[in-house]
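Notes for the structure review
Chain by chain, the residues run as shown.
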Amino acid sequence: MKTEELIAQSDRNIIGTYRRQPVVLVKGAGARVWDSDGREYLDFVAGIAVCSLGHSYPKVVEALRHQAGVLTHVSNLYYTEPQIRLAGMLVANSFADKVFFCNSGTEANEAAIKLARKYAHDNLKGDRYEILTMQGSFHGRTLAAVTATAQEKFHAGFAPLPEGFRYVPFNDVRALEKAVRKRTCAVMVEPIQGESGVRMPSPDYLGGVRQVCDDRGLLLILDEVQTGMGRTGKLFAHEHFGIKPDIMTLAKALGNGYPLGALLTTDRVASAFEPGTHASTFGGNPLGMAAGIAVLRALLEDGIMDNCREVGAYLRERLGDLKEKHYMIQEIRGMGLMVGMNLTVDGAAVVRRCLEKGLLINCAGEHILRFVPPLTITREDVDRAVEILDEALEG
Ligand code: PLP
């Protein structure tokens, strides 16, 4: 089928929840993808911070191939070795003692919300169920996760939303402190706000949030769905800020494209989830676990995070050069290879021009271009991307 026919059929048969670029992608390798007309693109979206090892990373492909031929799914009625191994690796490399596996970031956050409430129900006096989240946050699309997401545009039309969430400004420890009430049981925050445009925390913000949680007996839930798994140059973004959460959620890059989510927590908090309290049919299936094991091993052993730090600094430097040249660039910000460029103009036209010139980038919010390429990109990839962006910004 021709590209136009495929797009027409998509419009006929697939519910229109997405505004898509007019290309049909058919193949990927490393930091490049190809469309159905054979055109090549440099991919600085990476499936929205998912394909952090690049497309078809050989060790992940091999792990999936092997596991597909051995055992793909048996449910959580039984033990499986890949699940036990990935949990052990995540525990060995994080603050956590225990893991719950699911299939997406939303589900991981839904589990975190339930776990925080259940922990409070079992361990704290009074009726404590309220979770404070940050304005501009993004935590997912199920009813609880979207209510935790403190952005009205995602709530419109879905009332009544579940009770038990209140919103405070991001990057404001005093506002958080003041917002805590006797019903509050947890604070949920992204170390760097991704979907609202790579909004950075001030250096002492997360330490301040941790302190408020400790002082007031609240659980700290860090949503590292986008920032985790090496994206910022460390395995988890909170490591840059010298704090530990009580609960952390992961997804996106955990499977490098295989849908995989996880909740990590301490023994103390995990004890609130007993048999029957939470579950997922697909969560922790051997195929996904094989992908996760290969991803985590590559991140730890293949120098990926060193490359992320080095090439990330280079990307920010080169984008800084563009800022000198183009008046519409207001700010470059980010960490590792999670980078935002704040524009005074609508970013959608720039995204479209980049696509036409062979570069995939996306907009987080109307005015912010987001760069979340594979962590394996080279300086030459950055040079090429900056060259295309330079032309696209000319109009
Ligand atoms: N949390 C954060 C920080 C995210 O960036 C996202 C997705 O963009 C989610 C949660 C939702 O994850 P998913 O789309 O896998 O459900």
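How each quantity is defined
Residues numbered from 1 in each chain as written. Predicted model: local features only at pLDDT ≥ 70, side-chain atom pairs only at ≥ 80, totals over all residues. Heavy atoms only, no water. Helix = DSSP H or I, 4+ residues; strand = E, 2+ residues; numbered from the N terminus. Rg over C-alpha atoms; globule rule 2.2 N^0.38 Å. Contact = heavy atoms within 4.5 Å. Areas by Shrake-Rupley, 256 points an atom, 1.4 Å probe, with all protein chains shown as cover. Lys, Arg positive; Asp, Glu negative; His and termini not counted. Charge placed at Lys NZ, Arg CZ, Asp CG, Glu CD. Pairing = 2+ DSSP bridges. Axes fitted to C-alpha atoms, helices over the stretch in contact; angles between N-to-C directions. 1 Å grid on protein atoms, 1.4 Å probe; cavity = no way out; pocket = protein on both sides within 12 Å on 5 of 7 lines; lining within 4 Å. Points joined across faces, edges and corners; volume = space filled by probe spheres on them. Near = heavy atom within 4 Å. Polar contact = N/O pair within 3.5 Å; in protein donor to acceptor, adjacent residues only side chain to side chain. Domains from an automatic or database assignment. Buried area = accessible area lost by both parts, 1.4 Å probe. Salt bridge = Lys/Arg side-chain N within 4 Å of Asp/Glu carboxyl O. Phe/Tyr/Trp six-rings, centres within 6.5 Å; stacked < 30°, edge-to-face > 60°. Lys NZ or Arg CZ within 6 Å of the ring centre and 35° of its normal. Buried < 20%, exposed > 50% of the residue type's maximum accessible area, 1.4 Å probe, protein only.

Moving on: the overall build of the chain. Counting secondary structure elements, the chain contains 13 helices and 15 strands. The C-alpha atoms of the chain give 21 Å as radius of gyration, which agrees with the globular expectation for 395 residues (21 Å, within 12%). Projected onto its principal axes, the C-alpha coordinates of the chain cover approximately 60 × 50 × 45 Å. Long-range contacts, defined here as pairs at least 24 residues apart, represent 70% of the contacts in the chain between residues at least 6 apart. Surface summary for the chain: the accessible area is close to 17,800 Å², and the carbon and sulfur share equals 51%. Computed over 45 positive and 48 negative side-chain charges, the separation of the two mean positions in the chain equals 4 Å.

Attention now moves to the sheet that holds strand β5 (residues 130-134). On the basis of which strands lie adjacent, the open sheet formed by 7 strands has the order β4-β10-β9-β8-β7-β5-β6 and mixed pairing. Every other strand in the sheet has two partners, leaving β4 (98-102) and β6 (165-168) as the edge strands with one partner each. Averaged over all neighbouring strand pairs, the angle between strand axes comes to 20 degrees, with direction disregarded. Where β5 meets β6, 4 bridges bridge the pair, whose relative direction is parallel. Across the sheet, L132 pairs through a bridge with R166, a residue of β6.

Moving on: the sheet that holds strand β1 (residues 25-29). Judged by pairing direction, the sheet is mixed, and its 4 strands sit side by side in the order β1-β2-β3-β13 without closing on themselves. The open sheet is flanked by β1 and β13 (359-360), the only strands paired with a single partner. Pairing of strand β3 (residues 40-43) with β13, which is carried by 2 bridges, proceeds in the parallel orientation. Considered in β13, the bridge of L42 is made with L359.

Turning our attention to empty space enclosed by the protein. If you walk through the whole model with that rule in mind, you get 1 cavity of 30 Å³ or more. Quantified by volume, the largest cavity comes out at close to 50 Å³. Looking at the largest cavity, the residues that line it are H73, V74, S75, N76, Y78, T80, Q83, G283, G284, N285 and P286.

With an omega dihedral of 0 degrees, the bond running from A159 to P160 counts as a cis peptide bond. On the secondary structure map, P160 appears in the loop between α6 (143-148) and β6. With a phi close to 60 degrees, I48 is a non-glycine residue in the positive phi region. With respect to the helices and strands, the residue I48 is situated in helix α2 (residues 46-49).

Turning our eyes to something else, we now look at the site of the ligand. Close to the ligand lie 13 residues, the nearest being G105, T106, D223, Q226 and K252. F138 is positioned with one of its backbone polar atoms (N or O) 3.3 Å from a nitrogen atom of the ligand. Here an oxygen atom of the ligand sits 3.2 Å away from a polar atom, N or O, in the side chain of K252. Relative to its unbound accessible area of 390 Å², the ligand is 82% covered by the protein chains.

Turning next to the side chain of H238. By secondary structure assignment, the location of H238 is in the loop between β8 (219-223) and β9 (247-250). With near-sequence residues (within four places) excluded, H238 lies in contact with F95, L222, E224, I243, K244, P245 and M248.

Once that is clear, we can look at the layout of surface pockets. By volume, the second largest pocket is sized at about 780 Å³. Every element with two or more residues in the lining of the second largest pocket is listed here: α4 (81-92), β4 and β10 (261-265). With 4 residues, β4 is the single largest residue contributor to the lining of the second largest pocket.

This next bit is on the domain arrangement of the chain. Assigned domains within the chain: domain 1 (3-57 + 303-393) and domain 2 (59-301). Distance between the C-alpha centres of domain 1 and domain 2: 26 Å. Across the boundary between the two partners, domain 1 contributes 29 residues, which contact 31 residues of domain 2. Carbon and sulfur atoms supply 62% of the area buried between domain 1 and domain 2, which totals about 2,500 Å² over both sides. It is Y57, M335 and M338 in domain 1 that bury the most area against domain 2; as a group they hold 30% of the surface buried on that side. The interface formed by domain 1 and domain 2 includes 1 salt bridge. Here E195 and R370 are joined by a salt bridge, their closest N and O atoms 2.6 Å apart.

Each pair of aromatic rings is reported with the distance of its centres and the angle of its planes. A full pass over the atoms with the stated rule returns 2 aromatic pairs. Aromatic pair F170 and Y205: ring centres 5.2 Å apart, planes at 75 degrees, arrangement edge-to-face. Here F170, found in the loop between β6 and α7 (173-179), pairs with Y205, found in helix α8 (residues 205-216); they are 35 residues apart in sequence, far enough to count as distant. Here the basic side chain of K27 rests over the ring of W34, its NZ or CZ set 4.7 Å away from the ring centre.

Pairing between side chains of opposite charge can happen when their charged atoms approach one another. Counting across every chain of the model gives 20 salt bridges. The partner of D321 in a salt bridge is R318, with the nearest N and O atoms 3.6 Å apart. Placement of the pair is D321 and R318 together in helix α11 (residues 304-325), with a separation of 3 residues, close to one helical turn. Look at D321 and you get partly exposed, because its relative accessible area is 43%. Salt bridges sharing common partners tie together R210, D214, D246 and R268.

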